[in-house]
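Spelled out from the first residue to the last, the chains are:
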Amino acid sequence: MAVAATNLTAGNDPTTGTTFTTASITPTANRLVLLLVAFRNGSSVNPTTPSISGNGLTWALFTSRVYDSTGTSRRTIFVFRSLGPSPTAGAITITAGETETGAMWVVDEFSGIDTSGTNGSGAIVQSATNIDESGTSPTLTVTLGAFSSTANATYGGFSNTVGTDTTTAGSGFTKIGSTANSAAGI
C-alpha cells in the first residue's frame, strides 16, 4: 500500500506565552500523525521541548533542532509523532517549558504506514537534519539513505527566521501543509 499524506491543520500564534492551541482536528485510527512545532524565544535561551496533549493520543518527541542559536532571539523546531487505535476529535495543546514569543505548527496524517511499535515508531525508518544559520544559502539539502522499499515515503519540515513561507517542494515532492508567522519571526 502506498503512503498517503493529509494536512489536518496548520497555524501560528504571535502572542507571547507558554500555551498554544491548534484548531480542532479529527485524526483517523491507526494512522501516523506528525506534529511540527517551531518556537521563538525572545531571550538568550534555546526553546526547550514542549509537552503535547490532545486527541486521546500519546505524543512522542521524534526529533528537534535549534536553528537560531545566537543572539537574544532563539528558535527551535520539534517534530512529534503519534498513532492510536481510537483518537478523539479536538485541539492539540502545546505547552512550552518557558515563555515563548511565538509559535507555529503543522499537523499531518499518514496512511499506508507500518503501525507496529509505539506511538508511530514503526512508521519511521530514518531521520536526517540540516541547518544554515548563516542565512546566506537559498537552498538546503538533506540527504537520506537509500529507501528499503518502494512503499517508503519522505516527510520534511522546515522553518526560517524571517517569518514567511519561502519553501518550495523539490522535484518529485508535494507540499502538504505550511504556515508563516511574520509577527513572531518564525
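Check the entry above for the structure.
A brief report on the enclosed structure follows.

Procedures and definitions
Residues numbered from 1 in each chain as written. Predicted model: local features only at pLDDT ≥ 70, side-chain atom pairs only at ≥ 80, totals over all residues. Heavy atoms only, no water. Helix = DSSP H or I, 4+ residues; strand = E, 2+ residues; numbered from the N terminus. Buried < 20%, exposed > 50% of the residue type's maximum accessible area, 1.4 Å probe, protein only. Pairing = 2+ DSSP bridges. Axes fitted to C-alpha atoms, helices over the stretch in contact; angles between N-to-C directions. Phe/Tyr/Trp six-rings, centres within 6.5 Å; stacked < 30°, edge-to-face > 60°.

**Thoughts on the environment of Ser-69**
And step 1. For Ser-69, the location among the structural elements is in the loop between strand E5 (60-68) and strand E6 (74-82).
And step 2. We classify Ser-69 as partly exposed; its relative accessible area is 28%.
And step 3. Put simply, Ser-69 and Pro-47 are 22 residues apart on the chain and 9.7 Å apart in space, counted from C-alpha to C-alpha.

**Things to note about the pairing of strand E3 (residues 32-41)**
And step 1. The buried fraction of E3 is high, at nine of 10 residues.
And step 2. In this sheet, strand E8 (residues 102-111) lies alongside E3 in antiparallel orientation, the contact comprising nine bridges. Each residue of the ladder has a partner; that of Phe-39, found in E8, is Ala-103.
And step 3. Summarising the sheet, E3 and E6 pair through nine bridges and their orientation is antiparallel. Within the sheet, the bridge partner assigned to Leu-34 lies in E6 and is Arg-81.

**Regarding the sheet that holds E8**
And step 1. Taken together, five strands build an open sheet; the order of strands is E1-E8-E3-E6-E5 and the sheet is antiparallel. The two strands at the open ends of the sheet, each matched to only one other strand, are strand E1 (4-13) and E5. Taken pair by pair, the neighbouring strands of this sheet meet at an average axis angle of 15 degrees, ignoring direction.

**Points about the packing of aromatic side chains**
The description of an aromatic ring pair uses the distance of the two centres, along with the angle that the planes make with each other.
And step 1. Considering all chains together, one arrives at three aromatic pairs under this definition.
And step 2. Note on Phe-78 and Phe-80: the rings are 6.5 Å apart at their centroids and 35 degrees apart in plane angle, and the pair reads as tilted.
And step 3. The exposure class assigned to Phe-80 is buried, which follows from its relative accessible area of 3%.
And step 4. An aromatic cluster is built from Phe-20, Phe-39, Phe-78 and Phe-80, whose rings are joined through pairwise contacts.

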